[in-house]
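Now for the letters of each chain:
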Amino acid sequence: MDVKYVNAFIAGLIEVSGMLGINSLARTGLNKRDHLKTENDVNIILGLVGDLKGNVVLSMQETTAMKVASKMMGGMPVTEFDVMPKSALCELSNMANGRSASELEKIGVMTSITPPTLIHGRNMISLISQVETVVVQFSAQEGGLELNIAIED
Amino acid sequence: MDLAQTIAPFVRASNHVFKQLLDLNINKGQAEPEGDNFVSQGFTVMVGLTGGWQGWFFLDMSQDTAIKLAGLMTGEAYDNVDNEEVLLAGAEIANIISGNALTDINNLNSGVSIRLTPPSVFAGEGMSMFNVKLNAYSVLLQTDAGNIKINVVMKEAK
């Protein structure tokens, strides 16, 4: 997978997060995913079809997810991980990927994206798109985030 | 778009694929109500759909059933869902089912031309999937390998 695609996803997430009040988000690492286990209980998945085909998964721990949702809703306290924070996070992911899609369009890569779905569970293992997955780590005041990018060229 | 146009083609395709690929009969199919979330039995394959209609197809089963299906597919014995081959087998089954169903949908509804994303597989404890457009009813297919639940999220693209 070409690095210019990865950059479009990183830029999309950072820009949209900033717009929604998560200002401290910064990229901390990038590597290939080498195991199926994930420590994160909240995963938001989005599919891509077009010049690029694959899935992008934004994942984090539940405590981080609640803090992010609270920030997005203007500081409203979130004590339970119910429909409200779930739909806030889906929207974050939707906007970030929409932004990334228009970044990709600028370099001539046309894609369409599916609506997001949030997966919540414990002790999860996952296989994304059946291809090599690039993991980009982010850190913010709210906690750590991971962006899993699994794209077939 | 109604249930007959969205979830029914997936039920037909599942029936066909389980029979042809795995020699597995579906004894009974029934609707099962879902709440705000799609509640997983422990192993879920998700295939994204884009085009004139966009959404997701969920193929869900217990980890035990996933291990059995992988065994039926490859002829080998697996003891843990942690095995990558079990995940790949689940992904492949969902891929074939959604391929079949989409051929049906695209033929019946001109101009819709839905396309598939590669499947992703999630397994874990107490999993639930949240999507704003989730179908209020899943279809539960009873087979000799265990219960297999399917749900389809579908909305018209803006």
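So, here is what we can say about the structure in this document. (Residues numbered from 1 in each chain as written. Chains lettered and ligands numbered in written order. Predicted model: local features only at pLDDT ≥ 70, side-chain atom pairs only at ≥ 80, totals over all residues.)

Some remarks on the overall build of chain B
Stage number 1. Scanning chain B for helices and strands turns up three helices and eight strands.
Stage number 2. Listing the helices and strands of chain B from first to last along the sequence gives α-β-β-β-β-α-α-β-β-β-β.
Stage number 3. For 158 residues, the compact-globule formula gives about 15 Å, and the C-alpha radius of gyration of chain B, at 15 Å, lands near that figure.
Stage number 4. Projecting the C-alpha coordinates of chain B onto the three principal axes gives extents of approximately 45 × 30 × 30 Å.
Stage number 5. Taking all 158 residues of chain B together, 46% fall into the buried category.
Stage number 6. In chain B, 69% of the contacts between residues at least 6 apart in sequence involve partners at least 24 apart. (Helix = DSSP H or I, 4+ residues; strand = E, 2+ residues; numbered from the N terminus. Rg over C-alpha atoms; globule rule 2.2 N^0.38 Å. Buried ≥ 20, exposed ≤ 12 C-beta atoms within 10 Å, placed from the backbone. Contact = placed C-beta atoms within 7 Å.)

Side note on the packing of helix H2 (residues 62-72) of chain A against helix H3 (residues 83-106) of chain A
All names here are of chain A.
Stage number 1. Direction vectors running N to C along H2 and H3 enclose 80 degrees, while the axes themselves pass 9 Å from each other. Our classification of the angle between H2 and H3 gives roughly perpendicular. Residues Ala 65, Met 66, Val 68, Ala 69 and Met 72 of H2 form the contact with H3, whose own contacting residues are Pro 85, Ala 88, Leu 89 and Leu 92.
Stage number 2. Class assignment of the residues belonging to the contact of H2 with H3 gives a composition of nine nonpolar, no polar and no charged. (Axes fitted to C-alpha atoms, helices over the stretch in contact; angles between N-to-C directions. Parallel < 35°, antiparallel > 145°, perpendicular 65-115°, else oblique. Nonpolar A, V, L, I, M, F, W, Y, C, P; charged D, E, K, R; others polar.)

Here's the deal with unusual backbone geometry
Among all residues save glycine, negative phi is the norm, and among peptide bonds the norm is trans.
All names here are of chain A.
Stage number 1. A positive phi angle, close to 45 degrees, is found at Asn 123, a residue other than glycine.
Stage number 2. Here Asn 123 shows up in strand E6 (residues 117-127).
Stage number 3. Residue classification places Asn 123 among the partly exposed residues on the basis of 13 C-beta atoms within 10 Å.

Structural notes on the packing of helix H1 (residues 3-22) of chain B against helix H3 (residues 84-108) of chain B
Residues and elements named next belong to chain B.
Stage number 1. Relative orientation of the contacting elements H1 and H3 amounts to 130 degrees, with a least axis distance of 8 Å. Between H1 and H3, the interaxial angle falls into the category oblique. Where H1 crosses over H3, the handedness of that crossing is right-handed. When H1 is examined against H3, the residues Pro 9, Phe 10, Arg 12, Ala 13, Ser 14, His 16, Val 17 and Leu 21 are found in contact with a partner set consisting of Ile 93, Ile 96, Ile 97, Asn 100, Ala 101, Asp 104 and Ile 105. (Left-handed = near helix turned anticlockwise from the far one by under 90°.)

As for the interface of chain B and chain A
Stage number 1. Residue-level contacts link 31 residues of chain B with 30 residues of chain A.
Stage number 2. Those elements that place two or more of their residues in the side of chain B that touches chain A are strand E3 (43-50), strand E4 (53-61), H3 and strand E6 (120-130) of chain B.
Stage number 3. If you tally residues by element for the side of chain B that touches chain A, the top one is E6(B), at eleven residues.
Stage number 4. For the side of chain B that touches chain A, the per-class residue count stands at 14 nonpolar, ten polar and seven charged.
Stage number 5. Of the strand pairs in this sheet, E6(A) and E6(B) are connected by seven bridges, and their pairing is antiparallel. (Pairing = 2+ DSSP bridges.)

Observations concerning helix H2 (residues 63-74) of chain B
All names here are of chain B.
Stage number 1. Taking 1.5 Å of rise per residue, the twelve residues of H2 would be expected to cover 16 Å, and the 17 Å separating its terminal C-alpha atoms lies within 8% of that figure.
Stage number 2. When we look at burial in H2, the residues that qualify are Thr 65, Ala 66, Ile 67, Lys 68, Leu 69 and Ala 70.
Stage number 3. Buried-residue contacts for H2 involve H1, E3, E4, H3 and strand E8 (146-156).
Stage number 4. Positive backbone phi, at 80 degrees, marks Gly 75, one or two positions downstream of H2. (Expected span 1.5 Å × (residues − 1).)

These results come straight from atomic positions and should not be treated as a statement about function.
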